[in-house]
Amino acid sequence: MVGGTGSGKTFLGARWVYSKLVAKPETRILGVGISYDKHISRVMVHELTKLCKDLNVKCLYNKKTHELTLPHNESQVLFGSAEDPLSLEGPHIDGAWMDEAGMMPRIAWEVTQRRTGYNNAPVLITTIPYFEGWLKTEVYDSWVKGDKSITWIATKTMDNVHYSPEEIERLRRTWRADKFERYVLGNWARPAGLIWPEPADKDLIVEPFDIPEHWPCFSAHDFGHNDPTTGVWGRLSDDDVLYLVADYEENGMTIDAHVRAWRARGLDVVDDCWGDPAAPEVWERATDIGYPVRGANNNIDAGIDAVYERMVTGRLKVFRGCKTWLDHRNTYRWATSKNDDETFLDKPAKPQPAGHIADATRYLCMGINEYAQGAQVTPVMTSRRKGLTA
């Protein structure tokens, strides 16, 4: 159920979950929210406990374990935050509710599918269509193409008969067209304030192909202790077109574990590599275990411009398989004024999920620009580039 604000999405979500809990004893539902304090407790748990109270059904919520239980049949909702994807991992479950899923990173969707897959359990998504990320490419576009496993319910704010028509008209007059389209009409619209709004996906994405072995390989990384560690890998053509051929984003691992993951995908052999200069000890460790990384140029303004200049001149192309990168590109946005969310500032919003892979992309393009200006690299053994060819 995707659409306008106030159209009953969370109202439906609570009732859908409740119907699953009471249908069979010891049912377990995964509740996925944006964050524990601001969203799960204040919205999802509030709506469910209010419903139970209205129906005179006892329920207990454990704030420490983030579990809501119906004592009479031992059914539970196990809540997890999309800000901490590891909190979503666990046993196989009987269904899932993802509220405001349009703001969640792809990994939250992937973990939810893993948790529900064994039991072929249903997933309810309730959200405003905030960004054209995985929700559009993986769910909406599949539904449009005829996927019978998906029911797409589109809603508008005015579908709620209790919502003031005068307020809707005021929003129509005062809001940007794209904001009204998304938040009231519930339609897809590319939001204002994106840092890399151009070009269109169709002009950026290419199908994987066999890359000439002599094209040099580069990668760049942003390391997070609590935030995700990200990576992008690119091949540079003879005519200076950078092809992003692989992306990476994982939480809660040491640099040793990350390097092992890159090796498993054949991504450990590159001609040059740049990392977040704020984490020198991390890259020293990576170098020690055979993945040399050097500090990147972290000029934010210049890096954003370097990526954008390649995009709009057709000198940056992205393999279709880089789904995480493509999702984040469509959500990476400028900060807004504290007093007016219609006024954009000349700096990226922080924090935002897209920031980490965007930083890695900045490092990559800045490093390659230095390479193109005269720095030379020693080509690696081309027979070891298997993971970076297609």
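This text goes with the structure placed above it.
Anyway, here's the lowdown on the structure attached to this text. (Residues numbered from 1 in each chain as written. Predicted model: local features only at pLDDT ≥ 70, side-chain atom pairs only at ≥ 80, totals over all residues. Heavy atoms only, no water.)

## What to know about the overall build of the protein chain
Then, in step 1: The helix and strand tally for the protein chain stands at 12 helices and 17 strands.
Then, in step 2: Principal-axis analysis of the C-alpha atoms places the extent of the protein chain at approximately 75 × 50 × 40 Å.
Then, in step 3: Scored against the burial criterion, the 390 residues of the protein chain give a buried share of 52%.
Then, in step 4: In the protein chain, of all internal contacts separated by at least 6 residues, the share reaching a separation of at least 24 is 68%.
Then, in step 5: When the 47 basic and 55 acidic side-chain charges of the protein chain are each reduced to a single mean position, those positions are 4 Å apart. (Helix = DSSP H or I, 4+ residues; strand = E, 2+ residues; numbered from the N terminus. Buried < 20%, exposed > 50% of the residue type's maximum accessible area, 1.4 Å probe, protein only. Contact = heavy atoms within 4.5 Å. Lys, Arg positive; Asp, Glu negative; His and termini not counted. Charge placed at Lys NZ, Arg CZ, Asp CG, Glu CD.)

## With respect to helix α10 (residues 300-312)
Then, in step 1: Over its 13 residues, α10 runs 18 Å from end to end, which matches the ideal 18 Å to within 8%, given 1.5 Å per residue.
Then, in step 2: Listed in full, the buried residues belonging to α10 are G303, I304, A306, V307, R310 and M311. Considered in projection along α10, the buried side chains sweep an arc of 155 degrees and stay on one side of the axis.
Then, in step 3: Between the side-chain oxygen of the N-cap and the backbone nitrogen of D301 there are 3.3 Å, and the N-cap of α10 in question is N299.
Then, in step 4: One or two steps after α10, the chain reaches G314, where phi turns positive at roughly 75 degrees. (Expected span 1.5 Å × (residues − 1). Arc of directions from axis to C-beta. Polar contact = N/O pair within 3.5 Å; in protein donor to acceptor, adjacent residues only side chain to side chain.)

## Describing the packing of aromatic side chains
Centre-to-centre distance and the angle between the planes together describe a pair of aromatic rings.
Then, in step 1: Applying the stated criterion to the full structure yields 19 aromatic pairs.
Then, in step 2: Ring centres of Y140 and W143 lie 5.8 Å apart, and the angle between their planes is 45 degrees; this geometry places the pair in the tilted category. Note that Y140 and W143 are positioned in helix α4 (residues 134-144) at a spacing of three residues, about one turn of the helix.
Then, in step 3: Taking 5.8 Å as the distance between ring centres and 65 degrees as the angle between the ring planes, the aromatic pair formed by Y140 and W188 counts as edge-to-face. With Y140 in helix α4 and W188 in the loop between α6 (177-183) and α7 (201-204), this pair connects stretches of sequence that are 48 residues apart.
Then, in step 4: Looking at W188, the relative accessible area reads 18%, which means it is buried.
Then, in step 5: Against the face of F11 rests R15, its NZ or CZ located 3.5 Å from the ring centre. (Phe/Tyr/Trp six-rings, centres within 6.5 Å; stacked < 30°, edge-to-face > 60°. Lys NZ or Arg CZ within 6 Å of the ring centre and 35° of its normal.)

## Here's the deal with the sheet that holds strand β14 (residues 294-295)
Strand pairing in a sheet takes place through backbone hydrogen bonds and is either antiparallel or parallel in direction.
Then, in step 1: Reading across the sheet, the seven strands line up as β9-β15-β12-β11-β10-β13-β14 and stay open at both edges, with mixed pairing between neighbours. Of all strands in the sheet, those with a lone pairing partner are β9 (205-206) and β14, marking the two edges. (Pairing = 2+ DSSP bridges.)

## So, the nonpolar core
Looking at soluble globular proteins, one finds that nonpolar side chains tend to be buried together.
Then, in step 1: Among the nonpolar cores identified, the biggest contains 54 residues, and W233, L316, W325 and L364 are the most heavily contacted of them.
Then, in step 2: Per-element accounting of this core gives the leading share, eight residues, to helix α12 (residues 355-372).
Then, in step 3: Contacts of L316, omitting those with residues within four sequence positions, involve L204, V241, L242, L244, V307, R310, M311, W325 and C365.
Then, in step 4: Counting residues in hydrophobic clusters, the runner-up holds 22 residues, among them V32, I107, V111 and I125. (Core = buried A, V, L, I, M, F, W, Y, C linked by side-chain atoms within 4.5 Å.)

## So, the layout of surface pockets
Then, in step 1: Empty space within the second largest pocket amounts to approximately 630 Å³.
Then, in step 2: Together, 23 residues line the second largest pocket, and W109, V123, V139, S149 and I150 are the ones closest to its centre.
Then, in step 3: Mapped by element, the contributors of at least two residues to the lining of the second largest pocket are α3 (106-117), β7 (123-126) and α4.
Then, in step 4: Tallied by class, the residues present in the lining of the second largest pocket amount to 14 nonpolar, seven polar and two charged. (1 Å grid on protein atoms, 1.4 Å probe; cavity = no way out; pocket = protein on both sides within 12 Å on 5 of 7 lines; lining within 4 Å. Points joined across faces, edges and corners; volume = space filled by probe spheres on them. Nonpolar A, V, L, I, M, F, W, Y, C, P; charged D, E, K, R; others polar.)

## Some details on α3
Three- or four-residue spacings in an α-helix give side chains the same orientation, since the helix completes a turn every 3.6 residues.
Then, in step 1: Here α3 spans 16 Å end to end across 12 residues, near enough to the 16 Å set by a 1.5 Å rise per residue.
Then, in step 2: Where α3 is concerned, the buried positions are R106, I107, A108, W109, V111, T112, R115 and T116.

## Digging into unusual backbone geometry
Then, in step 1: With an omega of -5 degrees, the peptide bond running from E198 to P199 counts as cis.
Then, in step 2: Structurally, the position occupied by P199 is in the loop between α6 and α7.
Then, in step 3: The omega torsion of the bond from K350 to P351 falls at -10 degrees, within 30 degrees of zero and hence cis.
Then, in step 4: Inspection of the secondary structure puts P351 in the loop between β17 (340-348) and α12.
Then, in step 5: Positioned with a positive phi, N56 is a non-glycine residue whose angle comes to about 60 degrees.
Then, in step 6: Along the chain, the position of N56 falls in the loop between α2 (36-54) and β3 (60-62).

## Focus: the environment of G102
Then, in step 1: Topologically, G102 is positioned in the loop between β6 (96-99) and α3.
Then, in step 2: Judged by its relative accessible area of 12%, G102 falls in the buried class.
Then, in step 3: Separated by 28 residues in the primary sequence, G102 and Y130 place their C-alpha atoms 5.5 Å from one another.
Then, in step 4: Those residues in contact with G102, other than ones at most four positions away along the chain, are T127, I128, Y130, F131 and L135.

## Brief notes about the side chain of T27
Then, in step 1: Structurally, the position occupied by T27 is in the loop between α1 (9-23) and β2 (28-33).
Then, in step 2: A polar contact of 2.7 Å, which involves the side chain of T27, links it to the backbone oxygen of K24.
Then, in step 3: Ignoring sequence-local partners within four residues, the contact set of T27 consists of K20, L21, S75, Q76 and D94.

Interpretation in functional terms is not warranted from these geometric data alone.
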